[in-house]
Amino acid sequence: MDTGLRNKTALVCASSQGLGKGCALALAREGVSLVLNARTAATLDATADEIRRATGVKVTAVACDITTPEGRAQVLAACPAPDILVNNAGGPPIGDFRDWDERTWQKAVNDNMITPIMLIRAVVDGMVARRFGRIVNITSRSVKAPLPDLGLSNGARAGLTGFVAGLARQVAKHNVTINNLLPGPFETARTVDGLAKRAAKAGIDVATFAAARRAEVPAGRFGTPDEFGKACVFLCSADAGFIVGQNLLIDGGAVNVTL
Ligand code: NAP
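Keep in mind the model is a prediction, meaning the values are calculated, not measured. (Residues numbered from 1 in each chain as written. Predicted model: local features only at pLDDT ≥ 70, side-chain atom pairs only at ≥ 80, totals over all residues. Heavy atoms only, no water.)

A.B. asks: Even after reading the chapter, I still don't get the overall build of the protein, so can you show me in this structure?
C.D. replies: When its secondary structure is counted, the protein shows 8 helices and 7 strands. Relative to its length of 259 residues, the protein is compact, with a C-alpha radius of gyration of 18 Å against a globular reference of 18 Å. Reported as C-alpha extents along the three principal axes, the dimensions of the protein are approximately 55 × 40 × 40 Å. Summarising the internal contacts of the protein: among those between residues at least 6 apart in sequence, 74% fall at separations of at least 24. Accessible area for the protein stands at about 12200 Å²; split by element, carbon and sulfur atoms hold 55% of it. (Helix = DSSP H or I, 4+ residues; strand = E, 2+ residues; numbered from the N terminus. Rg over C-alpha atoms; globule rule 2.2 N^0.38 Å. Contact = heavy atoms within 4.5 Å. Areas by Shrake-Rupley, 256 points an atom, 1.4 Å probe, with all protein chains shown as cover.)

Take a look at the structure:
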C-alpha cells in the first residue's frame, strides 16, 4: 500500500519509547521526517539515532515536558508546520478516587486533555491552509470501557474525545482529519510498571499475574508498539481522508462489546 506520506513531516509527542516510538518508527519507514519529544534527553537521543539509522529520514529530537506551555513552545519552534501530529504523553497513575485531590485531577486533565488540545490549536489552521493534515491522539480503551483503578484516565481522556469529536467535523472538508487510537494492553514500560503494582496489591507474583492478564485478552497476548504504529500510519495515510472523528480500539478484543 502506498501511504502517500513520503517527505511529509510529523511531530510525534512523548516518543522515546512505547506507543509513541512505535508511531514514530512506522511513520519514518514511510519516509516521514520526524520531530520527536520526551523529557529524558539520553533515551530520546538514542531513539532518534536508532530511527535515523533504520530509515534514513531526518529526525530532530526535542527534550522537554510536553505538558508545559514552555515544552510545547519548544517542540513547535522545531516543528511549526507539521503535516502530521501524534498527541501522546505519560498516562495518569492508577489508584483509588478517594486519593485524588483537586491538584491530581488538574494534572490529569492538563496532561491528557488540555495538552493535546493546545497542540491541535497551534497546528490545525496551518493544516487547513495547506489542505492536508492528519492528527492522531493516543488515548485509551478506558474511553470506551472505564478501568476501575484508572478513573483519572477515564475522565480526562473522555474530555479530549468529546472536544475532538466536534472539531474533527469542522476541519474534515479541508482534508484535515482528527482521529483517536485507543490502546488496550500493550507490551510497554508503562504496562510492566502497572502489572508490578497490581500484582503486588493482589499478593501474586508478577509473572503469574501477567500470564493471567494476557490469557484474558481474546488475542491471547498483549499488543506490540510496532503494530500500534502501523495502525497510526494507516490513519495518517493520504487515502484516509474520509476517516473522520473515529475512535479505533486496538486491544486484541479485550473490550467485550458488539459496537
Ligand atoms: P511508556 O512506555 O511509559 O512511554 C511513555 C513515553 O512518553 C516515553 O517516551 C516518555 O519519556 C514520554 N513522556 C512521558 N511523559 C512525558 C511528558 N510529560 N513530556 C514528554 N514526554 C513524556 O508509555 P506507553 O505505554 O507507550 O503509553 C503511552 C500512552 O498511552 C500513555 O498515556 C498511556 O497511559 C496510554 N496507554 C497505554 C496503554 C498500554 O498498554 N501501554 C494502554 C492504554 C493507554 P520520558 O519519561 O523521558 O519523558
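A.B. asks: How should I be thinking about empty space enclosed by the protein in this particular structure?
C.D. replies: Empty space among the atoms can be located by rolling a probe the size of a water molecule over them. Applying the stated criterion across every chain, the model contains 1 cavity of 30 Å³ or more. What the largest cavity holds in volume is close to 80 Å³. Around the largest cavity, the lining residues are N87, N88, A89, D111, N112, T115, P116, N137, I138, R157 and L160. Sorting the residues of the lining of the largest cavity by element identifies α4 (102–130), β5 (133–138) and α5 (151–171) as the ones contributing at least two each. If you tally residues by element for the lining of the largest cavity, the top one is α4, at 4 residues. Looking at side-chain class alone, the lining of the largest cavity contains 4 nonpolar, 5 polar and 2 charged residues. (1 Å grid on protein atoms, 1.4 Å probe; cavity = no way out; pocket = protein on both sides within 12 Å on 5 of 7 lines; lining within 4 Å. Points joined across faces, edges and corners; volume = space filled by probe spheres on them. Nonpolar A, V, L, I, M, F, W, Y, C, P; charged D, E, K, R; others polar.)

A.B. asks: Where do I start with the site of the ligand in this structure?
C.D. replies: In the vicinity of the ligand there are 29 residues, among which S16, R39, T40, A89 and T188 approach most closely. A distance of 3.3 Å separates a nitrogen atom of the ligand from a polar atom in the backbone of G90. One nitrogen or oxygen atom from the side chain of R157 is found 2.8 Å from an oxygen atom belonging to the ligand. In isolation the ligand exposes 890 Å². Once the protein is present, 89% of that is buried. Among the secondary structure elements, those contributing two or more residues to the shell around the ligand are α1 (18–29), β2 (33–38) and α6 (189–202). (Near = heavy atom within 4 Å. Polar contact = N/O pair within 3.5 Å; in protein donor to acceptor, adjacent residues only side chain to side chain.)

A.B. asks: What am I meant to see in the sheet that holds β2 here?
C.D. replies: The strands making up a sheet associate through hydrogen bonds between their backbones, and the pairing can be parallel or antiparallel. Reading across the sheet, the 7 strands line up as β3-β2-β1-β4-β5-β6-β7 and stay open at both edges, with parallel pairing between neighbours. Single-partner strands in this sheet number two, and they are β3 (59–63) and β7 (247–250). Direction aside, the axes of adjacent strands within the sheet are offset by 15° on average. Sitting on the sheet, helix α2 (residues 41–55) touches β2 and β3, and the angle it makes with β3 is about 170°. (Pairing = 2+ DSSP bridges. Axes fitted to C-alpha atoms, helices over the stretch in contact; angles between N-to-C directions.)

A.B. asks: What should I look at first to understand the packing of helix α3 (residues 69–78) against α4 in this one?
C.D. replies: In a packed pair of helices, the relevant descriptors are the angle between the two axes and the axis-to-axis distance. Packing of α3 against α4 leaves a shortest axis separation of 11 Å and a crossing angle of 35°. Read as a crossing pair, α3 and α4 show a hand that is right-handed. For the pair α3 and α4, contact is made by R72, V75 and L76 and by T115, M118, L119, A122 and V123, respectively. (Left-handed = near helix turned anticlockwise from the far one by under 90°.)

A.B. asks: I would appreciate a short explanation of the side chain of T188 in the present structure.
C.D. replies: Here T188 shows up in the loop between β6 (176–183) and α6. Judged by its relative accessible area of 13%, T188 falls in the buried class. Every residue in contact with T188, bar those within four places of it in the chain, is listed here: G18, L19 and P225. (Buried < 20%, exposed > 50% of the residue type's maximum accessible area, 1.4 Å probe, protein only.)

A.B. asks: Explain α5 here, please?
C.D. replies: An α-helical turn contains 3.6 residues, so any two residues separated by three or four positions project in the same direction. For α5, which comprises 21 residues, the first-to-last C-alpha distance of 31 Å matches the rise-based estimate of 30 Å (1.5 Å per residue) to within 8%. Those residues of α5 hidden inside the fold are in contact with α4, β5, β6 and β7. (Expected span 1.5 Å × (residues − 1).)

A.B. asks: What is the right way to read the nonpolar core from this model?
C.D. replies: Taken as a class, soluble globular proteins show a tendency for nonpolar side chains to be buried jointly. Ranked by internal contacts, the top residues of the largest apolar core, which has 33 residues, are V12, L27, L34 and L36. Ranked by residue count, the leading element in this core is α1, at 7 residues. Residue contacts for L27: discarding those within four places in its chain leaves L5, A10, V12, V32, L34, I84, V86, V233 and C236. Counting residues in each nonpolar core, the second largest holds 26 residues, with I66, C79, I120 and I135 among its members. (Core = buried A, V, L, I, M, F, W, Y, C linked by side-chain atoms within 4.5 Å.)

A.B. asks: Would you take a moment to explain the packing of aromatic side chains for this structure?
C.D. replies: Given two aromatic rings, one states the distance between the centres and the angle between the planes to describe the pair. Taken as a whole, this structure holds 2 aromatic pairs when the rule is applied. An angle of 85° between the planes, with centres 6.0 Å apart, marks the rings of W100 and W105 as edge-to-face. Residue classification places W105 among the partly exposed positions, given a relative accessible area of 31%. Between F186 and F228, the ring centres sit 5.3 Å apart and the planes meet at 80°, which makes this aromatic pair edge-to-face. Residue F186 is located in the loop between β6 and α6, and its partner F228 is located in helix α8 (residues 225–236); the two are separated by 42 residues in the primary sequence. F228 matches F186 in its accessibility class, with the two residues each being buried. (Phe/Tyr/Trp six-rings, centres within 6.5 Å; stacked < 30°, edge-to-face > 60°.)

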